[in-house]
Number of protein chains: 2
Amino acid sequence: MIKKKEDMIISKITKMRDGNGDVIKNEILGNLDMAKHARMFSTFTLNKGCSIGYHTHIKETEYYYILSGNGVVSEKDGDKEVKAGDIVITGDQESHAIRNDNEEPLVLLAIIILD
Amino acid sequence: MIKKKEDMIISKITKMRDGNGDVIKNEILGNLDMAKHARMFSTFTLNKGCSIGYHTHIKETEYYYILSGNGVVSEKDGDKEVKAGDIVITGDQESHAIRNDNEEPLVLLAIIILD
């Protein structure tokens, strides 16, 4: 089955996970298309100064695959730069945040796979 | 944890799933980083005339999320065009193939999530 880009739901989330500014969510898969062991398959676009706040995952792994732009990821051991093609892996009981300090929008694909 | 683009394994697969030509695989996640309910998280680049042949998935769902370029997907009910931003959803006992007829490379992200 093919789901076309123009049939996906775009929404704006303000202060996502207590982050800053707005995040634009493009829901690639909704509940109807989602695999049994997944619960998120969306892109997020963060303009300059915007972030997804620090949060923890339990009994699941979230992947942030960076599609374009640059960002700063916060993990337990500090802040790290990421660029297009990098992936952030956040497993059971691990935490992360991500922000964009640059003019170029940061676009990432977020996928959560249940344990 | 962050895995950098430059640490990913790139390989060439000839006649993938009995398709045509070569497919360039960029393994984003290997066995070490893979979630329990996933078994593939890679991009594939198909130049003009190249394809991944028709094959069936059992007790898993494969997603082809199109990152750039255009392609033709074959499913049980025929051929369909896909472009960047579209997603191909192939669930339990379903089949698919994908090919690139255009000059621009087709790049897709392939993710398999186990049932």
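What you are looking at is a predicted structure, and each value in this text was computed from that prediction instead of being measured.

What counts, and at which threshold
Residues numbered from 1 in each chain as written. Chains lettered and ligands numbered in written order. Predicted model: local features only at pLDDT ≥ 70, side-chain atom pairs only at ≥ 80, totals over all residues. Heavy atoms only, no water. Salt bridge = Lys/Arg side-chain N within 4 Å of Asp/Glu carboxyl O. Buried < 20%, exposed > 50% of the residue type's maximum accessible area, 1.4 Å probe, protein only. Helix = DSSP H or I, 4+ residues; strand = E, 2+ residues; numbered from the N terminus. Least-squares fit on C-alpha atoms with pLDDT ≥ 70 in both. Contact = heavy atoms within 4.5 Å. Phe/Tyr/Trp six-rings, centres within 6.5 Å; stacked < 30°, edge-to-face > 60°. Core = buried A, V, L, I, M, F, W, Y, C linked by side-chain atoms within 4.5 Å. Pairing = 2+ DSSP bridges. Axes fitted to C-alpha atoms, helices over the stretch in contact; angles between N-to-C directions. Polar contact = N/O pair within 3.5 Å; in protein donor to acceptor, adjacent residues only side chain to side chain.

Enquirer: What is the right way to look at the pattern of salt bridges in this model?
Expert: Side chains that differ in sign of charge can pair as their charged atoms come close. Residues and elements named next belong to chain A. Summed over the entire model, instances satisfying the criterion amount to 22 salt bridges over all chains. The partner of Asp86 in a salt bridge is Lys83, with the nearest N and O atoms 2.8 Å apart. The class for Asp86 is buried, based on a relative accessible area of 0%. The class of Lys83 is partly exposed, set by a relative accessible area of 26%.

Enquirer: Help me understand unusual backbone geometry, please; the structure alone is not making it clear to me.
Expert: Negative phi is the rule for most residues except glycine; trans is the rule for most peptide bonds. You will see that Arg17 of chain A, though not glycine, has its phi angle at about 50°, which is positive. Tracing the backbone shows Arg17 of chain A in the loop between strand 2 (9–14) and strand 3 (22–27). The phi torsion at Lys59 of chain B lies on the positive side, around 55°, for a residue other than glycine. The residue Lys59 of chain B is located in the loop between strand 5 (51–57) and strand 6 (60–68) in this model.

Enquirer: Which parts of the structure should I look at to understand the relation of the copies chain A and chain B?
Expert: Note that the two copies of the chain are related through a rotation about an axis and a translation along the same axis. Of the transformation placing chain A onto chain B, the axial shift is 0.0 Å and the rotation is 180°, giving an RMSD of 0.0 Å. Here the copies are linked by what is in effect a two-fold axis. Minimal C-alpha separation from the rotation axis in chain A is found for His37 of chain A, amounting to 3.3 Å. When the interface residues of chain A are mapped onto chain B, 100% of them again lie at the interface, so the same face is used by both copies.

Enquirer: What am I meant to see in the packing of aromatic side chains here?
Expert: The geometry of an aromatic ring pair comes down to the distance between the two centres and the angle between the two planes. Counted by the stated rule, this structure contains 2 aromatic pairs over all chains. Measuring from ring centre to ring centre gives 5.2 Å for Phe41 of chain A and Tyr63 of chain B, while their planes differ by 55°; the resulting arrangement is tilted. Here Tyr63 of chain B lies in strand 6 and Phe41 of chain A lies in strand 4 (residues 38–46), a pairing that spans two chains. A relative accessible area of 1% means that Phe41 of chain A is categorised as buried.

Enquirer: I would appreciate a short explanation of the nonpolar core in the present structure.
Expert: One broad rule of soluble globular proteins: the nonpolar side chains tend to lie buried together. One finds Phe41 and Ile87 of chain A together with Phe41 and Ile87 of chain B to be the most contacted residues of the largest nonpolar core, which totals 28 residues. Of all the secondary structure elements, the ones that give two or more residues to this core are strand 4, strand 6 (60–68), strand 9 (87–90) and strand 11 (106–114) of chain A together with strand 4 (38–46), strand 6, strand 9 (87–90) and strand 11 (106–114) of chain B. Among all residues touching Ile87 of chain A, those that are not within four sequence positions of it are Tyr63, Tyr64 and Tyr65 of chain A together with Met1, Ile2, Lys3, Met8, Ile28, Leu29 and Phe41 of chain B.

Enquirer: I would appreciate a short explanation of the sheet that holds strand 6 of chain B in the present structure.
Expert: In sheet architecture, strand pairing relies on hydrogen bonds along the backbone and comes in two forms, parallel and antiparallel. With antiparallel pairing, 7 strands are arranged side by side in an open sheet as 1(A)-9(B)-6(B)-11(B)-4(B)-3(B)-2(B). The open sheet terminates on both sides in strands that have one partner only, identified here as strand 1 (2–3) of chain A together with strand 2 (9–14) of chain B. The pairing of strand 6 of chain B with strand 9 of chain B spans 4 bridges and is antiparallel. Its bridge partner lying in strand 9 of chain B, Tyr64 of chain B is registered against Val88 of chain B.

Enquirer: Explanation requested: the sheet that holds strand 5 (residues 51–57) of chain A in the structure shown.
Expert: Residues and elements named next belong to chain A. What the 4 strands build is an open sheet, ordered 5-10-7-8; its pairing is antiparallel. The open sheet has two free edges, formed respectively by strand 5 and strand 8 (78–83), since each of these has just one partner strand. Direction aside, the axes of adjacent strands within the sheet are offset by 20° on average. As paired elements, strand 5 and strand 10 (residues 94–99) share 5 bridges and run antiparallel to each other. Bridging across to strand 10, Ile52 finds its partner in Ile98.

Enquirer: So what exactly am I meant to see when it comes to the side chain of Asp86 of chain B here?
Expert: Along the chain, Asp86 of chain B turns up in the loop between strand 8 (78–83) and strand 9. A polar contact is formed between the side chain of Asp86 of chain B and the backbone nitrogen of Lys5 of chain A, at a distance of 2.7 Å. Here Lys83 of chain B takes part through its side chain, which lies 2.8 Å from a polar atom of the side chain of Asp86 of chain B. For Asp86 of chain B, the residues in contact, after removing those within four places along its chain, are Lys3, Lys4, Lys5, Glu6 and Met8 of chain A together with Tyr64, Tyr65, Ile66 and Glu81 of chain B.

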